[in-house]
Amino acid sequence: MNVCSEQELDDLRMSVRGFLSVRQGEFLERAKTWDAPKIDLPCWQRISTELDVQGLAIPEEYGGHGYGLPELRIVLEECGRSLAPLPFLSTVVMAATALIASSDDEACDRYLPEIASGRLIATLAAVEKSGRWTPAEWETRADKCDDQWLITGTKYFVLDGAGADLCLVLAHTPAGLTLFEVEGRAPGLQCGDMSGLDLTRGYARVYFANTPARVVGPLGEGMAIVENVLENLRIGLAAEAVGAAERCLEMSVDYAKIRFQFGRAIGSFQAVKHLCADMFVQFEGARALLAEAALAGRDQPEKLPVLAAASFVECSRMFFFVARENIHLHGGIGFTWEHDAHLYFRRAKTTELVLGGPVVDYEAVLTKLGV
Amino acid sequence: MTTELEAFADEVREFLDSNAKRRTAENRKVWGQGSDQVTIFRRERESRRSPEMRARREWLRARFDSGLGWICGPIEHGGRDLSSAHEILYETIESEYDVPDTSHLRMVGLNLVAPTILAHGTLRQCTQFIRPLFRGELIACQLFSEPGAGSDLAGLQTRARFDGTDWIVNGQKVWTSIAHCSDIGELLCRTDPAVAKHNGITAFLVDMDTPGIDVRPLRQMNGGAEFNEVYFTDVRVPDSRRLGPVNGGWPVALTTLMNERSSVGAEDSLAVNGALNIEWLTQLLDSLELRANPAARRRIAEIYVRRTTLDQLNAQLRRTVRSGRTPGPEASAGKLLNSRNVTEAAESISELLGPQMIADNGAWGTYGWSELLLCTPALRLLGGTDEILKNIIAERVLGLPKESSGGVARDGSR
């Protein structure tokens, strides 16, 4: 696996930040118009042409750059910071991880170079009505008729499902849970938006009615793929959370310096100072945990399951705390539609709950620890 | 691991094998055996000449003489000038051995006073004190707080007047940990009451057996008496013991304080860590038959996640802070997280134990936790209160404006 030096990581961060920061105003204004598409396709292609980051963590043999979580984390932090409407999490974290975990060379050959070059948007349809990552609850199944697998069922909370060219689907078969690939325009596939809290990210309901599908990886090996995807997804969501939380902290501190009441900047009052300090302390801790978890992904894979679970729950809870207090610190203006603070609040709560919420997430940590 | 680290690990094992016993099943801390007291501060007041203290001093000497006493320190003062990765490696390997617990000696003398001398002392002072501190020949305490100068440390009133040869010190210090076991103390005195409070302070290194120094124990709320009041009556301190310039003691104090905050946050040899790890907490769940109780499991998981978070923050701080360099105000974050973590952990464990926490029913691993609960209020006070640390973070890290505009300090300065 290739490794970036500290300096290269900083350079990577700066170039992604530079690219996204000039567009951030536009991203956030767009999000505030209810019906805007949740993926900015031209921007997705542009970031591929200019920065070529989609393939950062995809192996070189499949057209990527062969780096790992420590590098991908930087890109995701920056996406979180600007709430960029780019399908990194769905395409690069969920779909690409599922493909790599499947060890299906043909499927990897077919799709990973397309993902790496920014030409393909892909997602993973896993959870169903409850949104929980408990495959036993899922009902979607695949049956083999003649030589063709057909999928029937409904998947929910499919990230970027509406715009995806490729939908990887986890479905039960007589051999057990299995990963399938379904082209976005396959017959019998229908997609509906789920209206949701997070205005910067689209979740879809995807219906399959005898939809033709191709098996990815070995039959019945879906559970192992779920585990792999969850690990990277936890790191990916935690990274977005850290990047977005850093922006919230900056917004708060900047505002506390320029907002005057009683003839002084509100940031000179201890009540305000201590709130900012609390945000900073939580943020620093969570960021450090995430950084170590991402490093473990490369250097100590045996530690990744526990550290990924711990950093997801810590970072997502920290993000919600910081996003909520950011609104408070801004006073009434922070509660308005026109202010950006609510977009971060919405993203924060969505992040905290999307894998089941803290009740489930803390249990996941204990499970990984064997408690 | 690099070959350099591997070679170092071999050296460490060789030293430990010939100077200490490896921990075995018999002498490892095992749930259900030995003392079940979980505590931060010792219950018993130690004496300077106790056999335990002698063993600790000898252990420091053995480490230092083998070149492992000050792994990150500069070579000219007996350090090895290696990276903090080496130091972490040493500690990891040492934890496999049964060695005297020198944590409270290291805490003040080696983590706080020695780096301050290195940063502000004359070459002669460095030579005179640093090596003996690391060799365990000298034990040091920190004579900072006063009854009227706690969070507002710069308001301290202990006076030092120069009589042409010596400084004559009069006043009172308080909350001085291990003063009764110490050979020297880092002392802050007011040397010019006429100027703004931060500009009239001078630091000294005082011999604790100088006539006129009276050390009296203070009993803490947990029942122990690890800290003291120290009275100074016409105590003579030679000018050669002045640390830094006359009236230039505030930057000296800040060096000590910044090191204190980072060490308290990073302190992982406190007794709590033997108990707040996941193995121990799982044992607790099992012994209380709460393994399947979701509320109890959530408490344990939160303790684990928060401790892991702090461990990683400390690991990062250690990588950036090398010996001889003063930790930045960011180090205060670790101290704040640590005191919150331990406080909340003690409260969570209280909830799991219920009545078994309030009176001793004789069952192992139950009432012993009450000691930890009784120690926790100190964590949010010592080494800078939560409130002071948050001010530091807000002003020096986040750049928020000072509150002082319009406020008048207690001593009349602005």
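Residues numbered from 1 in each chain as written. Chains lettered and ligands numbered in written order. Predicted model: local features only at pLDDT ≥ 70, side-chain atom pairs only at ≥ 80, totals over all residues. Heavy atoms only, no water.

1. Focus: helix H5 (residues 123-134) of chain B
Owing to its 3.6 residues per turn, the α-helix brings residues three or four apart onto one side.
Residue and element names in this part refer to chain B.
Okay, step 1: For H5, with 12 residues, the first-to-last C-alpha span of 16 Å sits near the 16 Å given by 1.5 Å per residue.
Okay, step 2: Those residues of H5 that sit buried are Gln-125, Cys-126, Phe-129, Ile-130, Pro-132, Leu-133 and Phe-134.
Okay, step 3: Residues of H5 that are buried sit in contact with helix H2 (51-65), helix H4 (103-120), strand E3 (140-143), strand E6 (184-190), strand E7 (201-207) and strand E10 (242-243). (Helix = DSSP H or I, 4+ residues; strand = E, 2+ residues; numbered from the N terminus. Expected span 1.5 Å × (residues − 1). Buried < 20%, exposed > 50% of the residue type's maximum accessible area, 1.4 Å probe, protein only. Contact = heavy atoms within 4.5 Å.)

2. Some thoughts on the packing of H2 of chain B against H4 of chain B
Residues and elements named next belong to chain B.
Okay, step 1: Direction vectors running N to C along H2 and H4 enclose 55 degrees, while the axes themselves pass 11 Å from each other. Classed by the angle they form, the pair H2 and H4 counts as oblique. Our pair here, H2 against H4, has a crossing hand that is right-handed. Contacts from Met-53, Arg-56, Leu-60 and Arg-63 in H2 reach His-104, Leu-105, Arg-106 and Leu-110 in H4.
Okay, step 2: For the contact of H2 with H4, the residue count by class is four nonpolar, one polar and three charged. (Axes fitted to C-alpha atoms, helices over the stretch in contact; angles between N-to-C directions. Parallel < 35°, antiparallel > 145°, perpendicular 65-115°, else oblique. Left-handed = near helix turned anticlockwise from the far one by under 90°. Nonpolar A, V, L, I, M, F, W, Y, C, P; charged D, E, K, R; others polar.)

3. Some points on the domain arrangement of chain A
Residue and element names in this part refer to chain A.
Okay, step 1: The domains assigned to chain A are domain 1 (6-120), domain 2 (123-219) and domain 3 (224-368).
Okay, step 2: Computed from C-alpha atoms alone, the centre-to-centre distance between domain 1 and domain 2 is 22 Å.
Okay, step 3: With 20 residues of domain 1 at the interface, the matching set in domain 2 holds 21 residues.
Okay, step 4: Of all residues in domain 1, the largest losses of buried area upon contact with domain 2 belong to Lys-38, Met-94 and Tyr-111, amounting jointly to 28% of the total for that side.
Okay, step 5: The tally of links from domain 1 across to domain 2 stands at one salt bridge.
Okay, step 6: Glu-181 is the partner of Arg-110 in a salt bridge, and the nearest nitrogen-oxygen pair spans 2.7 Å.
Okay, step 7: On the surface where domain 1 and domain 2 come into contact, there are six residue pairs in polar contact (both at pLDDT 80 or more).
Okay, step 8: Counting only elements with at least two residues in the side of domain 1 that touches domain 2, the list comes to helix H4 (88-102) and helix H5 (105-116).
Okay, step 9: Of all the elements, H4 adds the most residues to the side of domain 1 that touches domain 2, at seven residues.
Okay, step 10: When the residues that make up the side of domain 1 that touches domain 2 are grouped by side-chain class, the tally is 14 nonpolar, two polar and four charged. (Domains from an automatic or database assignment. Buried area = accessible area lost by both parts, 1.4 Å probe. Salt bridge = Lys/Arg side-chain N within 4 Å of Asp/Glu carboxyl O. Polar contact = N/O pair within 3.5 Å; in protein donor to acceptor, adjacent residues only side chain to side chain.)

4. Focus: the side chain of Thr-202 of chain B
Residue and element names in this part refer to chain B.
Okay, step 1: For Thr-202, the location among the structural elements is in strand E7.
Okay, step 2: Residue classification places Thr-202 among the buried positions, given a relative accessible area of 0%.
Okay, step 3: Polar side-chain contacts of Thr-202 include one of 2.7 Å to the backbone nitrogen of Asn-247.
Okay, step 4: Excluding residues that lie within four positions of it along the chain, Thr-202 makes contacts with Leu-187, Leu-188, Cys-189, Thr-191, Arg-242, Pro-245, Val-246, Asn-247, Gly-248 and Gly-249.

5. Topic: the nonpolar core
Okay, step 1: In this structure, Phe-88, Leu-124 and Trp-133 of chain A together with Trp-369 of chain B are the most contacted members of the largest nonpolar core, which totals 165 residues.
Okay, step 2: Top contributing element to this core by residue count: helix H6 (residues 222-258) of chain A, with 19 residues.
Okay, step 3: The contacts of Phe-88 of chain A, once residues within four sequence positions are left out, are Trp-44, Ile-47, Val-53, Gln-54, Val-75, Leu-76, Cys-79 and Val-93 of chain A.
Okay, step 4: If you look at the next biggest cluster of nonpolar residues, it comprises 37 residues, including Met-53, Leu-243, Val-252 and Leu-257 of chain B. (Core = buried A, V, L, I, M, F, W, Y, C linked by side-chain atoms within 4.5 Å.)

6. Focus: the interface of chain A and chain B
Okay, step 1: Listed as interface residues are 39 residues of chain A and, on the opposing side, 35 residues of chain B.
Okay, step 2: Taken as a group, Lys-273, Tyr-362 and Val-371 of chain A account for 18% of the area that chain A buries against chain B, more than any other trio of residues on that side.
Okay, step 3: Between the two partners, chain A and chain B, sit four salt bridges.
Okay, step 4: Measuring nitrogen to oxygen at the nearest pair gives 2.9 Å for the salt bridge that ties Asp-278 of chain A to Lys-390 of chain B.
Okay, step 5: The interface formed by chain A and chain B contains 10 residue pairs in polar contact (both at pLDDT 80 or more).
Okay, step 6: Every element with two or more residues in the side of chain A that touches chain B is listed here: H6, strand E9 (264-265), helix H7 (270-299), helix H8 (304-330) and helix H10 (358-369) of chain A.
Okay, step 7: Of all the elements, H7 of chain A adds the most residues to the side of chain A that touches chain B, at 16 residues.

7. Notes on the pairing of strand E2 (residues 141-145) of chain A
Residue and element names in this part refer to chain A.
Okay, step 1: Relative to strand E3 (residues 148-159), E2 runs antiparallel, the two being bridged by five bridges. Bridge pairing in E3 links Arg-141 to Thr-152.
Okay, step 2: Joining the antiparallel neighbours E2 and E3 is a turn of two residues, in which Asp-146 adopts a positive phi near 55 degrees. (Pairing = 2+ DSSP bridges.)

8. What about unusual backbone geometry?
A negative phi holds for most residues other than glycine; trans holds for most peptide bonds.
All names here are of chain B.
Okay, step 1: If you check the backbone angles, Trp-175 has positive phi at about 60 degrees while not being a glycine.
Okay, step 2: Mapped onto the secondary structure, Trp-175 falls in strand E5 (residues 166-177).
Okay, step 3: Backbone geometry places Asn-247, a non-glycine residue, at a positive phi of 65 degrees.
Okay, step 4: For Asn-247, the position within the fold is in the loop between E10 and helix H6 (249-266).

9. Remarks on the side chain of Glu-181 of chain A
Residues and elements named next belong to chain A.
Okay, step 1: Residue position: Glu-181 is located in strand E5 (residues 176-183).
Okay, step 2: In terms of polar contacts, Glu-181 uses its side chain to reach the side chain of Arg-110, at 2.7 Å.
Okay, step 3: In this structure the side chain of Glu-181 is engaged in a polar contact, spanning 2.6 Å, whose partner is the side chain of Tyr-111.
Okay, step 4: If sequence neighbours within four positions are ignored, Glu-181 has contacts with Ala-107, Arg-110, Tyr-111, Leu-166, Cys-167, Leu-168, Ala-213, Arg-214 and Val-216.

10. Some remarks on the environment of Val-182 of chain A
Residue and element names in this part refer to chain A.
Okay, step 1: Among the structural elements, Val-182 can be located in strand E5.
Okay, step 2: Given a relative accessible area of 0%, Val-182 falls into the buried group.
Okay, step 3: Distance in space between the C-alpha atoms of Val-182 and Arg-214 is 6.9 Å, their sequence separation being 32 residues.
Okay, step 4: With residues up to four places along the chain from it excluded, the contact list for Val-182 reads Ile-151, Leu-166, Cys-167, Val-169, Leu-189, Phe-208, Thr-211, Pro-212 and Ala-213.

11. Structural notes on the pattern of salt bridges
Okay, step 1: In total, this model carries 52 salt bridges over all chains according to the counting rule given.
Okay, step 2: We note a salt bridge from Arg-22 of chain B to Glu-96 of chain B, for which the minimum N-O separation is 3.3 Å. Here Glu-96 of chain B lies in the loop between helix H3 (84-94) and strand E2 (97-98) and Arg-22 of chain B lies in strand E1 (residues 21-22), a separation of 74 residues in the sequence.
Okay, step 3: For Glu-96 of chain B, a relative accessible area of 29% puts it in the partly exposed group.
Okay, step 4: The salt bridge partner of Asp-163 of chain B is Arg-236 of chain B, with a shortest N-O separation of 2.4 Å. Of this pair, Asp-163 of chain B sits in the loop between strand E4 (159-162) and E5 while Arg-236 of chain B is found in strand E9 (residues 227-238), placing the two residues 73 residues apart along the sequence.
Okay, step 5: Here the residues in one salt-bridge network are Arg-13, Arg-17, Arg-73, Glu-77, Glu-78, Arg-81, Glu-246, Arg-247, Glu-250, Glu-284 and Arg-287 of chain A, joined through shared partners.

12. Structural notes on the packing of aromatic side chains
Ring pairs (aromatic) are described by centroid distance and by the angle formed between their planes.
All names here are of chain B.
Okay, step 1: Summed over all chains, the structure comprises 13 aromatic pairs over all chains.
Okay, step 2: Taking the centre distance of 4.2 Å and the plane angle of 20 degrees together, the rings of Trp-70 and Phe-134 count as stacked. Taken together, the residues Trp-70 in the loop between H2 and H3 and Phe-134 in helix H5 connect sequence positions 64 residues apart.
Okay, step 3: Overall, the relative accessible area of 9% leaves Trp-70 in the buried class.
Okay, step 4: We classify Phe-134 as buried; its relative accessible area is 2%. (Phe/Tyr/Trp six-rings, centres within 6.5 Å; stacked < 30°, edge-to-face > 60°.)

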